[in-house]
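Letter by letter, the chains look like this.
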Amino acid sequence: MEEYNVYSVIGEEGFERLVAAFYRQIPGDDVLAPMYAGRDLAAAEQRLRDFLVVRFGGPPRYLDQRGHPRLRMRHMPFAIDQKARDRWLSLMSAAFEEAKLPPGAESTLRAFFESTASFLINKAE
Ligand code: HEM
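Residues numbered from 1 in each chain as written. Predicted model: local features only at pLDDT ≥ 70, side-chain atom pairs only at ≥ 80, totals over all residues. Heavy atoms only, no water.

Engineer: I tried to follow the coordination of the iron atom of the ligand on my own but got confused; where do I start?
Structural biologist: Tetrahedral coordination by four donors sets the ideal angle at the metal to 109.5 degrees; octahedral coordination by six donors sets it to 90 or 180 degrees. For the iron atom of the ligand, the protein contributes exactly one donor atom, H75 (NE2), at 2.0 Å. Along the chain, the position of H75 falls in helix α4 (residues 71-75). (Donors = N, O, S within 2.8 Å, 3.2 Å for Na, K, Ca; no water. Helix = DSSP H or I, 4+ residues; strand = E, 2+ residues; numbered from the N terminus.)

Right, dumping it as structure tokens:
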């Protein structure tokens, strides 16, 4: 599936379900929870959702509120090593199982998450 078509297939509701299922796991995760200490999880959930919505063909709320994503720069405050990357992806994998999106949309999103998560590694183990 072309990236710009994902939003037209799964809509706001699909992104909402996926990202909610992902963030629900954060507080209980020994690797990722400490990175979110003192942060507003509901706001973080909304930022990820809005980013994905515009990235995959939906309305530009993220750009209106946050400007250019500059994801590598915005992740610099967090020490992201291979282990953190792998954990992020495994939580997202569990979120996919829960959200049950159409297979074409899921595989397009999974490919994007894998490459972006690798690109965000900023610390050697
Ligand atoms: C590789 C492992 C990753 C870790 C450990 C990580 C961790 C974090 C943390 C701690 C935040 C701050 C939460 C907040 O917004 O307050 C954040 C923000 C964010 N992350 Fe990640 N992240 C990872 C991968 C990704 C990936 C793969 C994506 C994109 C698909 C992504 C997209 C975002 C976005 C859009 C924000 C909000 C940026 C902003 O507008 O400030 N992250 N991430």
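Alright, that's what it looks like, and here's the rest.
Engineer: Sorry if this is basic, but what is going on with unusual backbone geometry here?
Structural biologist: Peptide bonds are, in most cases, trans, and in most cases residues other than glycine have a negative phi. At R70, a position not held by glycine, the phi torsion is positive, near 40 degrees. Along the polypeptide, R70 turns up in the loop between α3 (61-66) and α4.

Engineer: Would you mind showing me how to read the nonpolar core here?
Structural biologist: Buried together is how nonpolar side chains tend to be arranged in soluble globular proteins. If you look at the biggest cluster of nonpolar residues, it comprises 37 residues, and the most contacted ones within it are F15, L18, L52, L109 and F113. For this core, the elements supplying multiple residues, two or more each, are α1 (6-23), α2 (41-55), α5 (82-99) and α6 (103-119). Among the elements that make up this core, the one with the highest residue count is α1 (nine residues). (Core = buried A, V, L, I, M, F, W, Y, C linked by side-chain atoms within 4.5 Å. Buried < 20%, exposed > 50% of the residue type's maximum accessible area, 1.4 Å probe, protein only.)

Engineer: What is the right way to look at α1 in this model?
Structural biologist: Note: α-helices contain 3.6 residues per turn, so residues at a spacing of three or four share the same orientation. Over its 18 residues, α1 extends only 21 Å from the first C-alpha to the last, a length that falls short of the 26 Å expected when each residue adds 1.5 Å. Its axis deflected by about 65 degrees at E12, α1 carries its strongest bend there. Where α1 is buried, its residues meet α2, α5 and α6. (Expected span 1.5 Å × (residues − 1). Bend = angle between axes of the 7 residues up to and from the residue. Contact = heavy atoms within 4.5 Å.)

Engineer: Please explain the packing of α1 against α5 as it appears in this structure.
Structural biologist: Geometry of a packed helix pair, given as the angle between the helix axes and the separation of the axes. It is at 8 Å that the axes of α1 and α5 come closest, and there the two elements cross at 130 degrees. As the angle between them shows, α1 and α5 are arranged oblique. As for how α1 packs across α5, the hand of that crossing is right-handed. Contacts from R17, L18, A21 and F22 of α1 reach α5 at W88, L91, M92, A95, F96, E98 and A99. (Axes fitted to C-alpha atoms, helices over the stretch in contact; angles between N-to-C directions. Parallel < 35°, antiparallel > 145°, perpendicular 65-115°, else oblique. Left-handed = near helix turned anticlockwise from the far one by under 90°.)

Engineer: Help me understand the packing of α5 against α6 in this model?
Structural biologist: The N-to-C vectors of α5 and α6 enclose an angle of 165 degrees; their axes lie 10 Å apart at closest approach. By the angle between their axes, α5 is roughly antiparallel relative to α6. Of the two elements, α5 crosses α6, and the hand of that crossing is right-handed. Taken together, the residues of α6 that come into contact with α5 (itself represented by R85, W88, L89, M92, S93 and F96) are E106, L109, R110, F113, E114, A117 and S118. The residue makeup of the contact of α5 with α6, split by class, is seven nonpolar, two polar and four charged. (Nonpolar A, V, L, I, M, F, W, Y, C, P; charged D, E, K, R; others polar.)

Engineer: Teacher, can you tell me more about the site of the ligand here?
Structural biologist: Around the ligand, 22 residues are found, and the nearest of them are R39, R47, Y62, R66 and H75. Measuring from an oxygen atom of the ligand, one finds a side-chain N or O atom of R39 at 3.0 Å. Contact distances for the ligand include 3.4 Å between a nitrogen atom and a side-chain N or O atom of W88. Of all the elements in the fold, those that place two or more residues in the shell around the ligand are α2, α3, α4, α5 and α6. Residues that form the shell around the ligand fall into these classes: 15 nonpolar, two polar and five charged. (Near = heavy atom within 4 Å. Polar contact = N/O pair within 3.5 Å; in protein donor to acceptor, adjacent residues only side chain to side chain.)

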